[in-house]
Amino acid sequence: MSALTTFLMGHFMRWFPHRAETGLRAVGHPDENSPVLVSCNYTLSVARLVRELEGLDVWVLVAQSSGINVWCAACGGEFTDHQVISAVKTSRLSEKVRHRRLILPALCAPGMDVKNIRDKTGFRARFGPAEASDIRAYLDAGMKKLEGMQRKDFGIGHRMDMLVSMNFVWWAPVAAAFAIFWPEHLFHFSVLFWGTALGVYVLFPWVPGRRGWTKAFIVTLVLVAGYVGAGRIVHDDPFFYWPWIVGAALLTAMIGMDLGGTAGPVPSDAEEALHRMGVKSMGSFMKEKAIGRVTLDREACTGCFTCNGVCPIGVFGRDPVVRKTRLARRGDCFSCGACVKQCPERALRLAS
Ligand code: SF4
Ligand code: SF4
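Rules behind the numbers
Residues numbered from 1 in each chain as written. Chains lettered and ligands numbered in written order. Predicted model: local features only at pLDDT ≥ 70, side-chain atom pairs only at ≥ 80, totals over all residues. Heavy atoms only, no water. Helix = DSSP H or I, 4+ residues; strand = E, 2+ residues; numbered from the N terminus. Buried < 20%, exposed > 50% of the residue type's maximum accessible area, 1.4 Å probe, protein only. Near = heavy atom within 4 Å. Nonpolar A, V, L, I, M, F, W, Y, C, P; charged D, E, K, R; others polar. Domains from an automatic or database assignment. Pairing = 2+ DSSP bridges. Salt bridge = Lys/Arg side-chain N within 4 Å of Asp/Glu carboxyl O. Phe/Tyr/Trp six-rings, centres within 6.5 Å; stacked < 30°, edge-to-face > 60°. Lys NZ or Arg CZ within 6 Å of the ring centre and 35° of its normal. Core = buried A, V, L, I, M, F, W, Y, C linked by side-chain atoms within 4.5 Å. Contact = heavy atoms within 4.5 Å.

Chemist: Just to check I follow, could you spell out unusual backbone geometry for this structure?
Modeler: Working note: non-glycine residues mostly have negative phi, and peptide bonds are mostly trans. Residue Ser66 is not a glycine yet carries a positive backbone phi of 60°. Examined against the element boundaries, Ser66 turns out to sit in the loop between strand 3 (58–62) and helix 3 (70–75). Judged by its relative accessible area of 14%, Ser66 falls in the buried class.

Chemist: Looking at this structure, how should I read the site of ligand 2?
Modeler: Taken together, 13 residues sit near ligand 2, with Cys311, Cys333, Cys336, Gly337 and Cys339 positioned nearest. Partitioning the shell around ligand 2 into residue classes produces 11 nonpolar, 2 polar and no charged.

Chemist: How should the site of ligand 1 be read in this particular structure?
Modeler: Among the 13 residues in the neighbourhood of ligand 1, the closest are listed as Cys301, Cys304, Phe305, Cys307 and Cys343. Looking at side-chain class alone, the shell around ligand 1 contains 8 nonpolar, 4 polar and 1 charged residues.

Chemist: Sorry, what's going on with the domain arrangement of the protein here?
Modeler: Size of an interface, as often reported, equals the accessible area lost when the parts are brought together. Once the domains are mapped, the protein shows domain 1 (3–140), domain 2 (156–264) and domain 3 (286–351). A separation of 35 Å is found between the C-alpha centroids of domain 2 and domain 3.

Chemist: Just checking my understanding: could you explain the pairing of strand 8 (residues 324–327) for this structure?
Modeler: Side chains on a regular strand alternate between the two faces of the sheet. Summarising the sheet, strand 7 (residues 316–319) and strand 8 pair through 4 bridges and their orientation is antiparallel. Counterpart to Phe316 in the pairing with strand 8 is Leu327.

Chemist: Explain the pattern of salt bridges here, please?
Modeler: Pairing between side chains of opposite charge can happen when the charged atoms of each approach one another. Tallying each qualifying case throughout the model produces 7 salt bridges. One salt bridge in this structure joins Asp161 and Arg48, with 3.3 Å as the shortest N-O distance. Taken as a pair, Asp161 in helix 8 (residues 156–181) and Arg48 in helix 2 (residues 43–52) lie far apart in primary sequence, 113 residues in all. Classification of Asp161 as partly exposed rests on a relative accessible area of 24%. For Arg48, a relative accessible area of 29% translates into the label partly exposed.

Chemist: How should the packing of aromatic side chains be read in this particular structure?
Modeler: Centre-to-centre distance and the angle between the planes together describe a pair of aromatic rings. Counting across every chain of the model gives 12 aromatic pairs. Each ring, one from Phe178 and one from Trp244, has its centre 6.1 Å from the other, and the planes form 15°; the classification is stacked. Here Trp244 lies in helix 11 (residues 242–256) and Phe178 lies in helix 8, a separation of 66 residues in the sequence. Like Trp244, Phe178 is buried. Aromatic ring contacts, followed pair by pair, group Phe168, Trp171, Phe178, Phe181, Trp182, Phe189, Phe193, Trp194 and Trp244 into a single cluster. Lying across the ring of Phe204, Lys215 places its NZ or CZ 4.5 Å from the centre. Positioned above the aromatic ring of Phe305 is the side chain of Arg318, whose terminal nitrogen or guanidinium carbon lies 4.1 Å from the ring centre.

Chemist: I keep staring at the nonpolar core and nothing clicks. Help me out?
Modeler: A general tendency of soluble globular proteins is for nonpolar side chains to be buried together. In terms of nonpolar packing, the biggest core is built from 51 residues, with Phe79, Val84, Leu102 and Leu104 touching the most fellow members. Domain assignment of the residues forming this core places at least three in each of domain 1 (3–140) and domain 3 (286–351). Filtering out sequence-adjacent residues up to four positions away, Val84 remains in contact with Val38, Ala63, Phe79, Leu102, Leu104, Met112 and Ile117.

Structure follows, in structure tokens:
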């Protein structure tokens, strides 16, 4: 993929799948003892991983994910142990390396049965860091996850990264309509759109509400109040700017629709709304899965703490008395399903 295509895909079109070639890639000069990192076949994911690995000698095993990023593909059933098993076998990995270890991206935990990978290929798979930028430190530490490496960072840098890439696709067609039919309002529309989006993404942790639509609604309310106030003061009519007030309300629905996993760890409103309407799956983007918050069967729990190792936001804590896990921050659970999939005792499930 050319640098320009990577740039466009990464900054403006992350909603769309884009397939990288699957198979085994050599980064640097790997040998039979070099680590093997597994990646999905979303072009941007592969490009970023390879960039982070510059200067190292490692194998990258690119498995099929239908061109979708790790987290979405794992949650949607497109990047599972079956795709990894297939990649290991078709690449003849066992002939390239002497060891039998695979490093999986941490965020694929919702879709991976590591026992099945071991049974079918002989390779032991473990979950590496959540961020590609931590891979080098993880390898330097002897494939040990240091403090915070299993957590997904939803900091301001991440949110700014997602701001344009997730919203450009909404802005562009509407802006095109403005350019054709109401060119004199294009600038105002763009300022309103990006101003609202910026407000939601920058202020995300501080805006009240647990859901994306709630947060976007609150930011939009501030805008509407501004229009009403301006109309009242300048034109003596609070609804003078009524088309823009309606537009601001529509922005709530667009920008807040699916902030889950993009601006912060919040449940996906769009997914839940579809579930309520009876639509449980949708092509390669959404497969049927349980939604709701995590629940724990304390009797079944053995205290292995696997759940804590895969939760991207640190919902779990250790009960010091009975030495089992406990749901220390259950209210923060956003139903990714990683802990449910990885619990060896089936002690966790998602329930509304
Ligand atoms: S993974 Fe399952 S068995 Fe292990 S500590 Fe968590 S809930 Fe308990
Ligand atoms: S507790 Fe919730 S957010 Fe954490 S891994 Fe389990 S399902 Fe995902």
